[in-house]
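An overview of the molecular structure
If you want the building blocks of each chain, they are given just below.
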Amino acid sequence: GVTDGARRLADMMTNILKLNKLEKQQIYPKTEEYDLGEQLCECLLQFENIWEEKEIEIETEIAEDVKVNTDEELLSLVWNNLFSNAFKFTGKNGKVSLSLKSENEYAIIKISDTGIGISKEVGKHIFDKFYQGDTSHATQGNGLGLALVKRIIDITGSDILVESSLNVGTTFTVKMQRSKND
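Below you will find a few notes about this structure. Quick caveat: nothing in here was measured; it's all calculated off a predicted structure. (Residues numbered from 1 in each chain as written. Predicted model: local features only at pLDDT ≥ 70, side-chain atom pairs only at ≥ 80, totals over all residues. Heavy atoms only, no water.)

In this structure, isoleucine 56 sits in the loop between α3 (48-53) and β2 (57-62). Residue classification places isoleucine 56 among the buried positions, given a relative accessible area of 6%. C-alpha of isoleucine 56 to C-alpha of asparagine 93: the two residues are 37 residues apart in sequence and 4.7 Å apart in space. Setting aside its immediate chain neighbours within four residues, isoleucine 56 contacts Trp51, Phe87, Thr90, Gly91, Gly94, Lys95 and Val96. (Helix = DSSP H or I, 4+ residues; strand = E, 2+ residues; numbered from the N terminus. Buried < 20%, exposed > 50% of the residue type's maximum accessible area, 1.4 Å probe, protein only. Contact = heavy atoms within 4.5 Å.)

In structure tokens:
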């Protein structure tokens, strides 16, 4: 309905403003140590009504005590965007998975879905601002969300990659430094 469209527009405006700020480097990441698993779970839980409505199966595998020292607020934008896409593009009775592992000095976060997937061609440009690779994604306006994600990942010195197969699903993997364990 009208409100949906208006809300999407408002979200998009907020994202544009954030992205502009990030591009002009006016946002300096505030670093604080926090538990990444807790943050991921909190972000995921915000989508509970969507997964219940679409009867999406949720699979989580979260290592305990993975601490990171980064900007919690910026990172929550990353997870929200990635979850939002996963749920948007996964059909009824699909599956969305979240895993968090630590490997050496890194935290490895994987968010996977069994959604419509992304073609190789689109995958190459998926983090470009406003890139709309195919009409299905274009109408959903995900172009901006992922540009924002990429910018935050760059600013915080992390890495992100996407693996996807059409009609099989998509996995985003984020790799970030974790805090040294005392």
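There's more to say after this.
Before going further, it helps to examine the side chain of threonine 170. Here threonine 170 shows up in strand β7 (residues 169-177). Threonine 170 sits in the buried class, given a relative accessible area of 5%. Reaching out from threonine 170, the side chain makes a polar contact with the side chain of serine 164 at a distance of 2.9 Å. What threonine 170 contacts, discounting residues up to four positions off in sequence, is Ile111, Ser112, Asp113, Gly117, Ile118, Val162, Glu163 and Ser164. (Polar contact = N/O pair within 3.5 Å; in protein donor to acceptor, adjacent residues only side chain to side chain.)

A few words now on the nonpolar core. The biggest cluster of nonpolar side chains holds 42 residues, and the ones touching the most others in it are Leu36, Trp79, Leu82, Phe83, Ile109 and Met176. Where this core is concerned, the elements lending two or more residues are α1 (2-23), α2 (36-45), α4 (72-89), β4 (95-103), β5 (106-113), α7 (142-155) and β7. Looking at this core, the element that brings in the most residues is α4, giving nine residues. Apart from the residues within four sequence positions on either side, leucine 82 is in contact with Ile111, Leu146, Ile160, Phe172 and Val174. (Core = buried A, V, L, I, M, F, W, Y, C linked by side-chain atoms within 4.5 Å.)

Following the criterion strictly, the structure yields four aromatic pairs and no others. Here phenylalanine 47 and phenylalanine 87 contribute two aromatic rings whose centre-to-centre distance is 5.5 Å and whose plane-to-plane angle is 20°, an arrangement assigned as stacked. Here phenylalanine 87 lies in helix α4 and phenylalanine 47 lies in the loop between α2 and α3, a separation of 40 residues in the sequence. Taken as a pair, phenylalanine 47 and phenylalanine 87 share a single burial class, namely buried. Cluster of aromatic residues (ring-pair linked, three or more members): Phe47, Trp51, Phe83 and Phe87. The ring of tyrosine 106 has lysine 175 lying over it, and the distance from NZ or CZ to the ring centre is 4.4 Å. (Phe/Tyr/Trp six-rings, centres within 6.5 Å; stacked < 30°, edge-to-face > 60°. Lys NZ or Arg CZ within 6 Å of the ring centre and 35° of its normal.)

What follows is about the packing of α2 against α4. Where α2 contacts α4, the two axes come as close as 9 Å, and the packing angle between them is 45°. Here α2 lies oblique to α4, going by the angle between them. Crossing angle aside, the handedness with which α2 passes α4 is right-handed. In contact with Leu36, Gln39, Leu40, Cys43 and Leu44 of α2, α4 contributes Glu72, Leu75, Ser76, Trp79, Asn80, Phe83 and Phe87. The class makeup of the residues in the contact of α2 with α4 is eight nonpolar, three polar and one charged. (Axes fitted to C-alpha atoms, helices over the stretch in contact; angles between N-to-C directions. Parallel < 35°, antiparallel > 145°, perpendicular 65-115°, else oblique. Left-handed = near helix turned anticlockwise from the far one by under 90°. Nonpolar A, V, L, I, M, F, W, Y, C, P; charged D, E, K, R; others polar.)

The buried fraction of β5 is high, at six of eight residues. As paired strands, β4 and β5 are joined by eight bridges and run antiparallel to one another. What sits directly across from serine 97, in β5, is serine 112. Between β4 and β5, which pair antiparallel in sequence order, lie two residues; one of them, asparagine 104, sits at a positive phi of approximately 50°. Note that β5 and β7 share eight bridges and pair antiparallel. Directly across from tyrosine 106, in β7, lies its bridge partner glutamine 177. (Pairing = 2+ DSSP bridges.)

That is the geometry; function is a separate question.
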